[in-house]
Amino acid sequence: MAGKQKRKLEDLSVDEFLLSGFDSAGEDEAEKEASKQNGLKKKNKRKDLKSAAFNKDEKTAGKASEHKEQLSRLKNKDPEFYKFLQENDQTLLNFDDTDSSGDEDEKKYHRLPSTLEEASSGDDDDDDEEEEGKKGSKKSKKAVETIKVTDKMIEDWKAAMKKEPTPRLFREVTQAFKAAVATTKGEGGGQCRYKVADSSVFNALVLFCIRDIYVALQRMLNLKPDKDQKKLVLPSSSPKWQKNLIDIKMYLSGVVQLLSCLTEATVISAVLRHTNQLAPYYLCLPKQCRHLVKQLMKQWSTGEETSRVLAFLALNKICRHKQEMYLNPILKQMYISYVQNCKFTSPNALPMINFMQRTLTEMYALDSQATYQHAFIYIRQLAIHLRNAMTMKKKETYQSVYNWQFIHCLYLWCRVLSTLHPSDVLQPLIYPLCQVIIGTIKLVPTSRYYPLRMHCCRALTLLSSSTNTFVPVLPFLLEIFQQVDFNKKPGRMSKKPINFAVILKLSKVNLMEKAYKDGLIDQLYDLILEYFHTQASSIGFPELALPTVIQLKAFLKECKVANYCKPVRQLLEKVQENSSHITGRRQKAAFGVADATAVVAWEKKVQEEGTPLSRYYSQWKKLREKEIQLEISGKERMEDLDLPEIKRKKIQEKKTEDKKEFKDLFQSDSESEDDDAGFKIKGKKGSRGSDDDDDEDDEDLEDLSDMSDGGDSDDDADEEEASKAPQPLSSSALIKLAEGDEDLVEDLELSDDD
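Everything numeric here is computed off the predicted structure, so don't read it as measured data. (Residues numbered from 1 in each chain as written. Predicted model: local features only at pLDDT ≥ 70, side-chain atom pairs only at ≥ 80, totals over all residues. Heavy atoms only, no water.)

Enquirer: How should I be thinking about the overall build of the chain in this particular structure?
Expert: Looking only at helices and strands, the chain has 39 helices and two strands in total. Within the chain, the proportion of its 754 residues that are buried is 41%. When contacts within the chain are restricted to residue pairs at least 6 apart in sequence, long-range pairs at least 24 apart make up 72% of them. Taken as a whole, the chain presents about 44,700 Å² of accessible surface, with 51% of it coming from carbon and sulfur. (Helix = DSSP H or I, 4+ residues; strand = E, 2+ residues; numbered from the N terminus. Buried < 20%, exposed > 50% of the residue type's maximum accessible area, 1.4 Å probe, protein only. Contact = heavy atoms within 4.5 Å. Areas by Shrake-Rupley, 256 points an atom, 1.4 Å probe, with all protein chains shown as cover.)

Right, here's the structure in full:
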């Protein structure tokens, strides 16, 4: 019976054994016997030891008496095992109620952290384990000491890399690069094998990695470029990829971290060129690639000009070769960044916005199906904002439409649909986009929002010309000729012209200025000419231009300002000339209006030969682009006139400045009082000047301050006045006169006469 019980005990698992009443004291002995029978029981026992180590002290305190009863029952159930305990562990049977297993539990608690620490001692352990897998020669890891990187070490690495790159050499360089990157965030190297303390060493190491690592990796993995240059060779196809995977991951992560810490534009550009080279490696590692995309997006939206271009090239390369994984999230994030950067528009920010617009359009050109999904959602979002503004008619809803972000988004989608035309997928989006733009123009059709109307008309012109779609743009432009009275004299003059390219709304002061009407005529001339240029070879140009010709003639008849009539008359002449040209050409045509194929062929032929309006437009465009470049760069048109500026000074400032300039004329109060008394005695002329001119001192001082410092002219005037003034009777009066007090009064009289 006892043998049978013992055999059953040997077959028990650790869980069953613990449940039978041996969960505290007899664990060590039972573990020894169980480990002899089955190796798997040891693993289960370790798990149970860990779970038992985290039990609360409250449970262990009340188990002493219960455990004693279990030991007494053991004598009857299994005498042989009880006898074994008597021979080997007598203290266990002499168990007392006062005993506690707290000390043993504490030992377990203290053991666990040390074991966990050994299991995760750092990257160096993993590296050594991988080295054992490669060579099979090392079985134990030596203690690693921190090695300081020197210039000589970098030179040795560089020479060895050029000679023959090896996995061991690449690992050493990667570890040193990791330590260098760690210093950029103040981490000091952490658990790195190497330490970079000198800035010159840091620069040399980073420069070495940027220049030589890519070529060394290609040689080490035996990667050769494909004959077809468009096809990308992924490094994961190399048989040596798995052996070097950990080091490559470490290096790629270090490059991304370095990119996130840099601030110097030239260094950022160099690192971005390096990441562009390493794009195939990032494509093989999704986690590192996501981190890289995040940094590239940051540089594309906020970096310097060169950094923006390099970041875009890297993003484009990633999307072209892994569209299914990265294209949609990158397009979404780029659109959000574009909208954020369009919140404010200035002459300096406009080139950056145009760059983002064009590059984003190029990204959308990679996949028309994905572009349709994005365009549909975002155009619908714009339409919802417009609908809310039209229905609610509140200031807040108007502002949600009449802002730079809304206008730039409209222009972006016009550019996308224009660039990707012809596209059967995107064709259905042209009409709703036109409706949203026209609704934006009609939302608040007042003169203060004429600049916004100009932007919308320019977007419609772009969309109409590129997609061969007729959009009625001219009515919104010709309407301005009827709404604005160009004969009315401006309320105020302004030196600087209004730059319509960077404003959406005019202030009330702007509407009173002469520059407002000047700029309005220029904008109308530009937009009408651009629109007619897109339709210059159309067979229906004479009918299309007829309403414009009538409106321009009416304007010329009413307007009396020569500066406004001159450009309008020139535009009218060019439109009429082109109409006559098209009329003459189509009279010779031998096909009917219903023959669409013949009409298209005729228009194509006319376009190739050129029209009077198209030839004029090409010349005008060159001149206009130069003007726009000057405006964008901040140079105004009237800069070269050197007009004098009149600065008005405050009265107190004038007084203090005049006192400093003519300090010899103003003595102490007592002296001035005496002098005034002397002048009263001398004659009526001096007394009249002192009494009557007190209220006009400020004006006279202003005249004095405006006069040049020509002392000769002042002296001549003084002599003339002195000759006219009555002669004093005493020498003291002559001395006072020489001191200049009388000169001051006479000068003030002179200014009044002038």
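Enquirer: Whenever I open this one, the side chain of Q357 confuses me. Can you help?
Expert: Along the polypeptide, Q357 turns up in helix α20 (residues 350-364). Accessibility expressed as a relative area gives 2% for Q357, which makes it buried. Not counting residues up to four positions away in its chain, the partners in contact with Q357 are Y338, H408, Y411, L412 and R415.

Enquirer: I would appreciate a short explanation of the packing of aromatic side chains in the present structure.
Expert: In this description, a pair of aromatic rings is defined by centroid distance and the angle of the planes. Taken as a whole, this structure holds 19 aromatic pairs when the rule is applied. Centroid distance Y378 to W413: 6.2 Å. Interplanar angle 20°. Geometry classified as stacked. Here W413 lies in helix α23 (residues 404-419) and Y378 lies in helix α21 (residues 368-392), a separation of 35 residues in the sequence. By the burial criterion, Y378 is buried, and W413 matches it. Here a set of aromatic residues connected by ring pairs shows up, and it is made of Y335, Y364, Y378 and W413. (Phe/Tyr/Trp six-rings, centres within 6.5 Å; stacked < 30°, edge-to-face > 60°.)

Enquirer: Explain the pattern of salt bridges to me, please; I cannot follow it from the model alone.
Expert: Working definition: two side chains of opposite charge can pair if their charged atoms are close together. Evaluated as defined, the whole model comprises eight salt bridges. In this structure, the salt-bridge partner of D526 is R624, at a minimum N-O distance of 2.9 Å. Of this pair, D526 sits in helix α28 (residues 514-534) while R624 sits in helix α32 (residues 612-632); the two residues are 98 residues apart in sequence, bridging distant segments of the chain. Like R624, D526 is buried. For E609, the salt bridge goes to R585, with nearest N and O atoms at 2.6 Å. Of this pair, E609 sits in helix α31 (residues 596-609) while R585 sits in helix α30 (residues 562-587), and the two are 24 residues apart along the sequence. For E609, a relative accessible area of 45% puts it in the partly exposed group. (Salt bridge = Lys/Arg side-chain N within 4 Å of Asp/Glu carboxyl O.)

Enquirer: Is there a simple way to explain the packing of α28 against α30 in this structure?
Expert: Between two packed helices, what matters for the description is the angle formed by their axes and the separation of those axes. Running from N to C, α28 and α30 cross one another at 5°; their axes reach a closest spacing of 10 Å. Taken together, the axes of α28 and α30 are roughly parallel relative to one another. Of α30, the residues touching α28 (which contributes K514, K517, D518, I521, Y525, I528, L529 and F532) are Y564, P567, V568, Q570, L571 and V575. For the contact of α28 with α30, the residue count by class is ten nonpolar, one polar and three charged. (Axes fitted to C-alpha atoms, helices over the stretch in contact; angles between N-to-C directions. Parallel < 35°, antiparallel > 145°, perpendicular 65-115°, else oblique. Nonpolar A, V, L, I, M, F, W, Y, C, P; charged D, E, K, R; others polar.)

Enquirer: When you look at the nonpolar core in this model, what are you seeing that I'm missing?
Expert: For soluble globular proteins, nonpolar side chains are generally found buried alongside one another. Grouped together as the largest cluster of nonpolar side chains are 162 residues, with contacts concentrated most on W157, W413 and F481. Look past the residues within four positions of F481 in its chain and what remains in contact with it is F486, I521, L524, I528, Q551, L552, F555 and V568. (Core = buried A, V, L, I, M, F, W, Y, C linked by side-chain atoms within 4.5 Å.)

Enquirer: What exactly am I supposed to notice about helix α26 (residues 474-483) here?
Expert: One full turn of an α-helix is made of 3.6 residues, so residues set three or four places apart face in the same direction. Those residues of α26 lying buried are L474, F476, L477, L478, I480 and F481. Buried residues in α26 make contact with α24 (430-443), α25 (450-467), α28, α29 (541-558) and α30.

Enquirer: Please clarify how the environment of T391 should be interpreted in this entry.
Expert: With respect to the helices, strands and loops of the structure, T391 is situated in helix α21. Among the polar contacts listed, one links the side chain of T391 to the backbone oxygen of R387, at a separation of 2.9 Å. A polar side-chain atom of T391 sits 3.2 Å from the main-chain carbonyl oxygen of N388. (Polar contact = N/O pair within 3.5 Å; in protein donor to acceptor, adjacent residues only side chain to side chain.)

Enquirer: Help me understand unusual backbone geometry, please; the structure alone is not making it clear to me.
Expert: Glycine aside, negative phi is the norm for most residues, and most peptide bonds take the trans geometry. Looking along the chain, the bond that leaves H421 and enters P422 is cis, with omega of 0°. As for its position among the elements, P422 is in the loop between α23 and α24. Look at K393: it is not a glycine, yet its phi comes out positive at around 55°. Relative to the helices and strands, K393 resides in the loop between α21 and α22 (395-401). Using a relative accessible area of 60% as the deciding quantity, one classes K393 as exposed.

Enquirer: What should I look at first to understand α31 in this one?
Expert: Taking 1.5 Å per residue, 14 residues should reach 20 Å; α31 reaches 20 Å between its end C-alpha atoms and fits that length. Every buried residue belonging to α31 is among A598, V599, W602 and V606, and all of these are buried. When α31 is viewed along its axis, its buried side chains cluster within an angular range of 100° and face the same direction. Among the exposed residues of α31, those oriented more than 90 degrees off its buried face are T597, V600, K604, Q607 and E608. Of the residues one or two after α31, G610 is the one with positive phi, at around 95°. (Expected span 1.5 Å × (residues − 1). Arc of directions from axis to C-beta.)

Enquirer: What exactly am I supposed to notice about the confidence of the model for the chain here?
Expert: Chain-level statistics for the chain give a pLDDT mean of 75 and a share of 65% at 70 or above. Note that pLDDT drops below 50 for residues 49-61; the model gives that stretch eleven contacts with residues more than four away or on any other chain. The low-confidence segment residues 741-754 (pLDDT under 50) makes 31 contacts with residues lying over four places distant or belonging to another chain. (pLDDT = per-residue confidence, 0-100.)

Enquirer: Which parts of the structure should I look at to understand the packing of α24 against α25?
Expert: One way to put it is that α24 packs onto α25 with a least axis distance of 9 Å and a crossing angle of 160°. Here α24 lies roughly antiparallel to α25, going by the angle between them. Pair α24 / α25 crosses with left-handed handedness. Counted together, I430, L433, C434, I437, I438, T440 and I441 of α24 and L452, R453, C456, C457, A459, L460, L463 and T467 of α25 form the full contact between these two elements. Across the contact of α24 with α25, the residue classes break down as twelve nonpolar, two polar and one charged. (Left-handed = near helix turned anticlockwise from the far one by under 90°.)

Enquirer: Help me out: how do you make sense of the state of the cysteines in this one?
Expert: In a disulfide, the sulfur atoms of two cysteines are covalently bonded to one another. Taken as a whole and judged by the stated rule, the model has zero disulfides. C319 provides the cysteine sulfur closest to C289, a residue in no disulfide bond, and the two sulfurs are 9.0 Å apart. Owing to a relative accessible area of 0%, C289 belongs among the buried residues under this scheme. (Disulfide = S-S within 2.5 Å.)

Enquirer: Help me understand the side chain of S269, please; the structure alone is not making it clear to me.
Expert: With respect to the helices and strands, the residue S269 is situated in helix α15 (residues 265-277). Residue S269 is classed as buried on the basis of its relative accessible area of 7%. Not counting the four nearest positions on each side in its chain, S269 is found in contact with T306, S307 and L310.

Enquirer: What should I look at first to understand the environment of R168 in this one?
Expert: Tracing the backbone shows R168 in helix α12 (residues 167-184). With relative accessibility at 40%, the residue R168 sits in the partly exposed group.

Enquirer: Can you walk me through the environment of P445 in this structure?
Expert: Examined against the element boundaries, P445 turns out to sit in the loop between α24 and α25. Once the C-alpha coordinates of P445 and F476 are considered, the two residues, 31 residues apart in sequence, prove to be 9.5 Å apart. Discounting chain neighbours no more than four positions away, the residues touching P445 are R453 and Q483.

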